[in-house]
Structures are given as structure tokens and as C-alpha cells.
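Chain residues, written in single-letter form:
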Protein chains: 2
Amino acid sequence: MVTIKDIAKHAGVSVATVSYVLNNTRYVSPQRRERVLQAVEELNYVPNAVARGLRARNTKTLGLVLSDITNPFFPDLAKGCEDAAQAAGFSLVMLNTNEQRERIINAVLQIREGKVDGLIIASAVKQDLGILQELVLEGYPIVLAHRRIQDLQVDSVVADNFQGVTSAVRYFISLGHTRIAMFTGVDETSVNMERKEGFIKAMTDAGLPIRQEWMCNTLGDYQLAYNASANLMRLPWEERPTAVVCMNDMVALGVMDAVEDRGYQVPADMAVIGFDDLFFAGTQRIQLTSVRIPRYEIGQQAARLIIDRIQRTKTMEPMEIVLPTQLVVRKTSGDGIYR
Amino acid sequence: MVTIKDIAKHAGVSVATVSYVLNNTRYVSPQRRERVLQAVEELNYVPNAVARGLRARNTKTLGLVLSDITNPFFPDLAKGCEDAAQAAGFSLVMLNTNEQRERIINAVLQIREGKVDGLIIASAVKQDLGILQELVLEGYPIVLAHRRIQDLQVDSVVADNFQGVTSAVRYFISLGHTRIAMFTGVDETSVNMERKEGFIKAMTDAGLPIRQEWMCNTLGDYQLAYNASANLMRLPWEERPTAVVCMNDMVALGVMDAVEDRGYQVPADMAVIGFDDLFFAGTQRIQLTSVRIPRYEIGQQAARLIIDRIQRTKTMEPMEIVLPTQLVVRKTSGDGIYR
DNA sequence: CTGAAAGCGCTAACAA
DNA sequence: TTGTTAGCGCTTTCAG
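Residues numbered from 1 in each chain as written. Chains lettered and ligands numbered in written order. Predicted model: local features only at pLDDT ≥ 70, side-chain atom pairs only at ≥ 80, totals over all residues. Heavy atoms only, no water.

- Looking at an unreviewed UniProt entry, chain A carries the name DNA-binding LacI/PurR family transcriptional regulator, with the source organism given as Ammoniphilus resinae.

### What to know about the overall build of chain A
Phase 1: What chain A contains, in helices and strands, is 12 helices and 12 strands.
Phase 2: Since a compact globule built from 339 residues should have a radius of gyration of about 20 Å, the 26 Å found for chain A marks it as more spread out than a globular shape.
Phase 3: With 339 residues in all, chain A has 56% of them scored as buried.
Phase 4: Taking the contacts inside chain A whose residues are at least 6 apart along the sequence as the reference set, 71% of them involve residues at least 24 apart. (Helix = DSSP H or I, 4+ residues; strand = E, 2+ residues; numbered from the N terminus. Rg over C-alpha atoms; globule rule 2.2 N^0.38 Å. Buried < 20%, exposed > 50% of the residue type's maximum accessible area, 1.4 Å probe, protein only. Contact = heavy atoms within 4.5 Å.)

### Observations concerning the relation of the copies chain A and chain B
Phase 1: The operation relating chain A to chain B is a screw motion whose rotation component is 180°, with 0.0 Å of axial translation and a residual RMSD of 0.0 Å. On this basis, the relationship between the two copies can be described by a two-fold rotation axis. When C-alpha positions in chain A are compared against the rotation axis, the closest is assigned to Val93 of chain A, at 2.0 Å. (Least-squares fit on C-alpha atoms with pLDDT ≥ 70 in both.)

### What about the protein's contact with DNA strand D?
Phase 1: DNA strand D sits among 27 residues. The nearest are Tyr20, Tyr45 and Arg55 of chain A together with Arg32 and Arg57 of chain B.
Phase 2: Between DNA strand D and Ser29 of chain B, the relevant distance is 2.6 Å, taken from a phosphate oxygen to a main-chain nitrogen or oxygen of the residue.
Phase 3: Arg57 of chain B places a polar side-chain atom, nitrogen or oxygen, 2.2 Å from a phosphate oxygen of DNA strand D.
Phase 4: Those elements giving two or more residues to the surface near DNA strand D turn out to be helix 2 (15-23) and helix 4 (49-56) of chain A together with helix 2 (15-23) and helix 4 (49-56) of chain B. (Near = heavy atom within 4 Å. Polar contact = N/O pair within 3.5 Å; in protein donor to acceptor, adjacent residues only side chain to side chain.)

### Comments concerning the domain arrangement of chain A
Phase 1: Domain annotation for chain A reports domain 1 (4-47), domain 2 (60-159 + 295-323) and domain 3 (161-293).
Phase 2: Computed from C-alpha atoms alone, the centre-to-centre distance between domain 1 of chain A and domain 2 of chain A is 37 Å. (Domains from an automatic or database assignment.)

### Digging into the sheet that holds strand 10 (residues 289-292) of chain A
Residues and elements named next belong to chain A.
Phase 1: If you trace the 6 strands from one edge of the open sheet to the other, you get 7-6-8-9-10-12, paired in mixed fashion. Since the sheet does not close on itself, it has two edges, and those belong to strand 7 (215-217) and strand 12 (326-328), each with one partner. Taken over all neighbouring pairs, the strand axes of this sheet differ in orientation by 20° on average, direction set aside.
Phase 2: Examined bridge by bridge, strand 10 and strand 12 share 3 bridges and lie antiparallel to one another. Pairing of Val291 across the sheet is with Leu327, part of strand 12.
Phase 3: Sheet strands in contact with helix 9 (residues 190-205) are strand 6 (180-184), strand 7, strand 8 (243-246) and strand 9 (271-276), and its direction is about 170° off that of strand 6. (Pairing = 2+ DSSP bridges. Axes fitted to C-alpha atoms, helices over the stretch in contact; angles between N-to-C directions.)

### Brief notes about the interface of chain A and chain B
In many analyses, interface size is given as the accessible surface area lost on bringing the parts together.
Phase 1: Across the contact, 53 residues belong to chain A and 53 residues belong to chain B.
Phase 2: Regarding the contact of chain A and chain B, the summed buried area is about 4500 Å², with carbon and sulfur atoms giving 54% of it.
Phase 3: The largest per-residue losses of area from chain A upon contact with chain B belong to Val50, Met94 and Arg285 of chain A, which jointly make up 16% of the total buried on that side.
Phase 4: There are 10 salt bridges connecting chain A and chain B.
Phase 5: Two residues, Asp68 of chain B and Lys79 of chain A, come together in a salt bridge whose shortest N-O distance is 3.2 Å.
Phase 6: Mapped by element, the contributors of at least two residues to the side of chain A that touches chain B are helix 4, helix 5 (74-87), strand 2 (91-96), helix 6 (101-112) and helix 11 (249-261) of chain A. (Buried area = accessible area lost by both parts, 1.4 Å probe. Salt bridge = Lys/Arg side-chain N within 4 Å of Asp/Glu carboxyl O.)

### Things to note about the packing of helix 8 (residues 161-174) of chain B against helix 9 (residues 190-205) of chain B
Residues and elements named next belong to chain B.
Phase 1: Their axes nearest at 8 Å, the elements helix 8 and helix 9 cross at an angle of 40°. When the axes of helix 8 and helix 9 are compared, the pair comes out oblique. Helix 8 and helix 9 meet at a crossing whose hand is right-handed. Mapping the contact onto sequence places Asn161, Phe162, Val165, Thr166 and Val169 in helix 8 and Val191, Glu194, Arg195, Glu197, Gly198, Phe199, Lys201, Ala202 and Met203 in helix 9.
Phase 2: Of the residues contributing to the contact of helix 8 with helix 9, the split by class is 7 nonpolar, 3 polar and 4 charged. (Parallel < 35°, antiparallel > 145°, perpendicular 65-115°, else oblique. Left-handed = near helix turned anticlockwise from the far one by under 90°. Nonpolar A, V, L, I, M, F, W, Y, C, P; charged D, E, K, R; others polar.)

### Re the protein's contact with DNA strand C
Phase 1: Near DNA strand C you find 27 residues, and of these Arg32 and Arg57 of chain A together with Ile4, Tyr45 and Arg55 of chain B are the closest.
Phase 2: Looking at DNA strand C alone, sugar and phosphate atoms form 58% of those within 4 Å of the protein.
Phase 3: Here a phosphate oxygen of DNA strand C sits 3.0 Å away from a polar atom, N or O, in the side chain of Ser19 of chain B.
Phase 4: With respect to DNA strand C, the side chain of Tyr20 of chain B contributes an N or O atom lying 3.1 Å from a base nitrogen.
Phase 5: Mapped by element, the contributors of at least two residues to the surface near DNA strand C are helix 2 and helix 4 of chain A together with helix 2 and helix 4 of chain B.
Phase 6: Here the surface near DNA strand C is built from residues that sort into 13 nonpolar, 7 polar and 7 charged.

### Here's the deal with the pattern of salt bridges
Phase 1: Per the counting criterion, the structure on display carries 38 salt bridges over all chains.
Phase 2: We note a salt bridge from Asp277 of chain A to Arg330 of chain A, for which the minimum N-O separation is 3.1 Å. Here Asp277 of chain A is found in the loop between strand 9 and strand 10, whereas its partner Arg330 of chain A is found in the segment after strand 12, with 53 residues between them in sequence.
Phase 3: A salt bridge links Asp277 of chain B to Arg292 of chain B; the shortest N-O distance between them is 2.8 Å.

### What about the nonpolar core?
Phase 1: Among the nonpolar cores identified, the biggest contains 94 residues, and Ile120 of chain A together with Ile120 of chain B are the most heavily contacted of them.
Phase 2: In contact with Ile120 of chain A, not counting residues within four places along its chain, are Leu62, Gly63, Leu64, Val65, Cys81, Val143, Ala145, Ala302, Ala303 and Ile306 of chain A.
Phase 3: Tyr222, Val259 and Ile286 of chain A together with Phe280 of chain B belong to the second largest nonpolar core, which has 58 residues in total. (Core = buried A, V, L, I, M, F, W, Y, C linked by side-chain atoms within 4.5 Å.)

### Notes on the environment of Ile337 of chain B
All names here are of chain B.
Phase 1: Relative to the assigned elements, Ile337 resides in the segment after strand 12 (326-328).
Phase 2: Judged by relative accessible area, Ile337 falls into the partly exposed class, the value being 37%.
Phase 3: Each C-alpha atom of the pair Ile337 and Ile286 lies 20 Å from the other, and the pair is 51 residues apart in sequence.
Phase 4: Ignoring any residue separated from it by four or fewer positions in sequence, one finds Ile337 in contact with Leu175, Gly176, His177 and Thr242.

### Description of unusual backbone geometry
Phase 1: In this structure, the amide linkage connecting Val266 of chain A to the following residue, Pro267 of chain A, adopts the cis form with an omega of 10°.
Phase 2: Position of Pro267 of chain A relative to the elements: it lies in the loop between helix 11 and strand 9.
Phase 3: With phi around 55°, Leu219 of chain A is a residue other than glycine that occupies positive phi space.
Phase 4: Here Leu219 of chain A lies in the loop between strand 7 and helix 10 (222-234).
Phase 5: Looking at Leu219 of chain A, the relative accessible area reads 47%, which means it is partly exposed.
Phase 6: A positive phi angle, close to 110°, is found at Asp276 of chain B, a residue other than glycine.

### Points about the sheet that holds strand 12 of chain B
Residue and element names in this part refer to chain B.
Phase 1: Strand order in the open sheet made by the 6 strands is 7-6-8-9-10-12, with mixed pairing throughout. The strands lining the two open edges of the sheet, one partner per strand, are strand 7 (215-217) and strand 12. Here the strands of the sheet are splayed against their neighbours by 20° on average, with no regard to which way each runs.
Phase 2: Pairing analysis gives 3 bridges linking strand 6 (residues 180-184) to strand 7, with the strands arranged parallel.

### Some points on helix 3 (residues 30-43) of chain A
All names here are of chain A.
Phase 1: Here helix 3 spans 20 Å end to end across 14 residues, near enough to the 20 Å set by a 1.5 Å rise per residue.
Phase 2: When helix 3 is considered as a whole, its buried residues turn out to be Val36, Ala39 and Val40. Looking down the long axis of helix 3, one finds its buried residues gathered within 100° of arc, a one-sided arrangement. Helix 3 presents Pro30, Gln31 and Glu41 as exposed residues on the side facing more than 90 degrees away from its buried surface.
Phase 3: On its buried side, helix 3 packs onto helix 1 (4-11) and helix 2.
Phase 4: Following helix 3 by one or two positions, Asn44 adopts a phi angle in the positive range, close to 55°. (Expected span 1.5 Å × (residues − 1). Arc of directions from axis to C-beta.)

Spelled out as C-alpha cells, the structure:
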């Protein structure tokens, strides 16, 4: 391994000078500068980031904590983070928690060990409050992405879930629906809460009843949604909703498959709106109406925010960025009520 | 920040002793050990990984270089890497190249800077040969995952693409097809080459002709596949293939959509087999027959291999791990020829 | 304008 | 059985 010493020797200058030309951090005479640059070139020298990091007490690395990169929601968010990080000269380490407590503890350890300068947390659940609170109090840079936590004073970047679900409900209502169901997701997340509450609010505002048996908890899972939907379709028509707002596109797909497997039609017998607008929602044979979440932007802004926070010396108030959602209308929401 | 010195002082021992108990690297009397542990507890001490890394000349971090985490092929592979890395106490940094030269150069820089101990490269194309060759010669640990590069003497973990495409072609033949097309992908990759060559071999072995106009290059893209497929469907029946092997499931979806948009049926008018077996392939309304690639295992084995290589002192011959594929038969491949 | 040297936090060789 | 200390590669203060 070639070090700064080798360069100094080879160029006939001190290590200080080498460092100064490399970092452009004080004047060095053209001749010496040239000699240094040439030595760097000849010996193919690259400064060691670890040594640098030890001095500078940073690593130019961010940690992205998510539950599961395999969940199609996250890759876009991760990419947003990575692009923003890269643009600022930061690397991004990926930390899947698989929703396991042990894994989130390990993630948090990374910042204490100094392996990362900040943490972007996209998997926050209520239970993490304590562990994160501690981190925040100790002054570690943290930002919550996508999911936030009540009572945690910290930067966050989230989608406007309230607006998103409201637009879905209103759209159904504009089509003439009055019996609208909601298939909810993982209970402990802010995302689920906000969408659920938004649903209830929108329904109530429109003077429409909330039927408990139409509020199905699917944990965001295709199969559970399939089952719940199949159950719903067994009810007589008057007992069934005519439309359903789904926690995500997987759930929506589960509903659609169950409806059609029981011989009914989407949207005629059951209109469906999903959430997230994943790739497949736009394909010819799915054509799922869905509330688009700006996943990439969430990741990007979160990374920018935390980098800003890391580089800024004085502290500032935690800020909350809320990004707009958009209802993307396709076929599964239908043109109106059919009977 | 609390350092080893603080612990030493607080426990009334030397820093060496602290280090020794923390790493269990030489005998320390029970009393002193206890005092140290207690100090660690009280001051909430966590050893600094950067300082450690500087000494040890490693970072316990792996770099995963891929073209685009947003491509649904990669998240599983990434997760396999992460799980294996985590199990061995390594972190994983994600490096999206977006197929840009500048980005791969940056990725390679990471290892030279000492930010990562090894690189798992899942985005290798022919053009990278030079840059990677150099790295290998300098002795940096590298493993190729999914895609390999000809003439590069280095560990690799890939799927048996040859076997995969052969099973697809044979299956079509067993169903009575003789006019079989192939929709290929990105030219520069080993994956594409192997599947293409495998296709040609399997067809030739069966005495079936290869029609150049049925070998469509789609770059693995849904839309391009859609267009190419639409063109094919404009031909009179005798000029059309009755079945098509697709480079990946996106391409297969594009074909299916185009076929049906032109008023034809899958599999009756066109039987389809995809590659990768992504999530949506298994859903009710897609039911795509597809060649499953063990994505998670590829990532997992690649990470294990490189960790092994990093930790082993003496060098060993580069090894190549080839994992089996599996044809998952669903609806789109049909039961046989229909007219 | 340039260099010597301290020191970032840790490990481990050497000494006692 | 334990402590002292050099040194990992780099930046930056201090002195010249």
C-alpha cells in the first residue's frame, strides 16, 4: 500500500505539503505542487479514507435502515438516498432489519461505532421510540423517512398520506360509491395510522358510515388480503362494500385476484384503489388505480436533509418535510356504480 | 465521545488492559476484568470502528456494485449479500452504477480508499474488464455475482443460464412447438450471451431452425419487448413464432400485453416463458411460466465467498460457483399447440 | 512559503 | 499478570 509518506519521499517534500496540495488547503509553490501531483500519478496513490476518517471524525457514510429491501416499496427510496449521498460524496450502507429487534439494535450500533455519520430510518415503528430517542439526545444525526414516530423530535420526510387517502375516498364518492371498505396494513406504523385516520375522516366528512367489518387488517400482505377479500365476496351484495381502498398495491392485487377468482368483476363488482403505484400497477393487464407515493424523492430529501444536518455546525429545529401524493387513475377504480 | 482512555482511567487500569478484555485477547484477572466491564457499562462505551479499522487495515465492510437496485432482479440478491455479510459481522454498502462508467470508477475507488474490504460486482460488463483486471492484479478481493466476464480470473457466482434456457426450449418442444422465438437482453452481459447461445444450441440440437427475425433484442425492457412483439403479431400466422423465450419477466409481460392488445391470446396464439420468476409472475392474473434464478443464493454465496477470501491469508485459485435454475410452469406456456 | 510533530482511538509487541 | 508505548495514515497547528 502506498501512503502519503511514500509520496512525500518520492517528491522530495514533507508529508504536510503532500496533504496540502491534495486538499488544496494552503498555498504550495507550483514546482512542488507539480512534483507531488506527479508522484501521486506515478505511484497510483489514493488517500486512505479510514485514516482520514479517524482524523476528521467522520466517514462520509450514511446508514439506511429499512425493514426489507425485497419489499418493492424500498428500492426506489434507497436509490433516492444513494443518488443524493453520492452527489455529496457520501456512501450508503444498507441495513435490513427484517423487522427484527436485534437487527435494529445492530443498525444503531453502527453510528455509535462511528461506521456511519448518520442514519436514515425508513423502518421506524412505535417500539423503536426509546432506542431512537436515546440516539437523538446524544446528538447523533438521524432522519426518519416514510414512517415517522410520534413524540420523537427529529427530522422526517414523509408522504402526505392523509391527502392521499382522502383523494382516493373522494374519487370513489364522486363515482357514486357509498359503501367503501379499507384494507389496512401494519398497525404500528405512522403510515398505517395516517391512512386509516384519513379514511375515517374523509368518510365521516362525507356523511358516510364506517363499517367495522369492512376495515380489514391485511398487514400489507397479498395473501391475507386475498383471504379477507374472498370472505367479503361471500356476503350478500347488500352486505358488501362496492369499493375498497387498499394499504398498498400488493394488497390491491390480492383483492383483485380474490374477486375475480370468485367469479366477480373488478371494477364492476368491486372497485379497487391501491397505494404506492408500483411498477406493475401501470401494466396493461393490471391497470390498477393507485395513490402514487414519491418514494425516490422521499429517499433523496431524507439523505439531503441528514447530510445538511451533518455538515452544519450549529443545531437547528427538527424539520418535517411532507411530500404530496397523487391519485393515478386507471381501470380498477371504474367509471361509477354499476348496480 | 468516550474512548478507551476514559475507560482505562475510570477503571484504574491501562488502556492495554481495556483492549485485552474487550477483545478477549489475553488473560486479565477477574477483578480488573470486572472493573473494566463495569466502566464500559457505566460510560456506555462503544469502541470506535474507524480507529480499529485503521490499525487492523480493514473495515469489515463489503461493497455491492449493481446497475440499479430499482431493477426488481437485484433486491433479492442484495438481501442475500446483506444477510451473509451481517452473519459474518460485515456491513454492506450499496453502489448503484446506473450503467455509467463514472459510477463504476467511483465504486472501484472505494476499495482503493480502504472504505470497503472487498467488492461484490453484480453489474459487470465486458467493458469493465480492464478496470477490474487491474484491481485483481493488485490483489484486491473481488467476486462477480450473476454476471461474469470472460478472461477475468476471479471468483464468481452465477446461475446456470445454459441449463435454464435449455429447459425452457425443451419444454416448448415437448409441447409441440417448432417455431420458437427468443427475446434477448443487454448484449454486453454474460447472462445474455449464455442464454442466447443456450437457446441456439438447444434449438439446433433438436433440429429446429433459428430465424434471425425472431431473435429480438429488447434490452430487457418492457416497452421495447411490447413493440417487438406487436410487430411480430402483424405477420401472417405462418411467419410468426408460436412460442417465445424471454430474457426476463418484464420482457415476457411486454410480450403478453402486446399479444393481447392485438386481440390474440396467450398461450393459444403465443406461448410465453420468462426468466427470473419475479414476484408478479406467480400472481393469479399473470401466471407466467418462468425460469427461476436463485437470486438470493447468488448474493449470499458471493458474500460468503468474498468474506472467506478476505479472511483467508494464503491465496487460492479463483473458483466459479454455478447454481441451478428451475423452470416454474404456470399458464403462459400452455398445454401444447392449438392450431 | 514549508516542515516537524502531535494526535485522532485503537491494538499488540515489548518490557517488567 | 499488567503497563508503556509505537504506530496504523492522515490533517493541521505551530514554528521557522
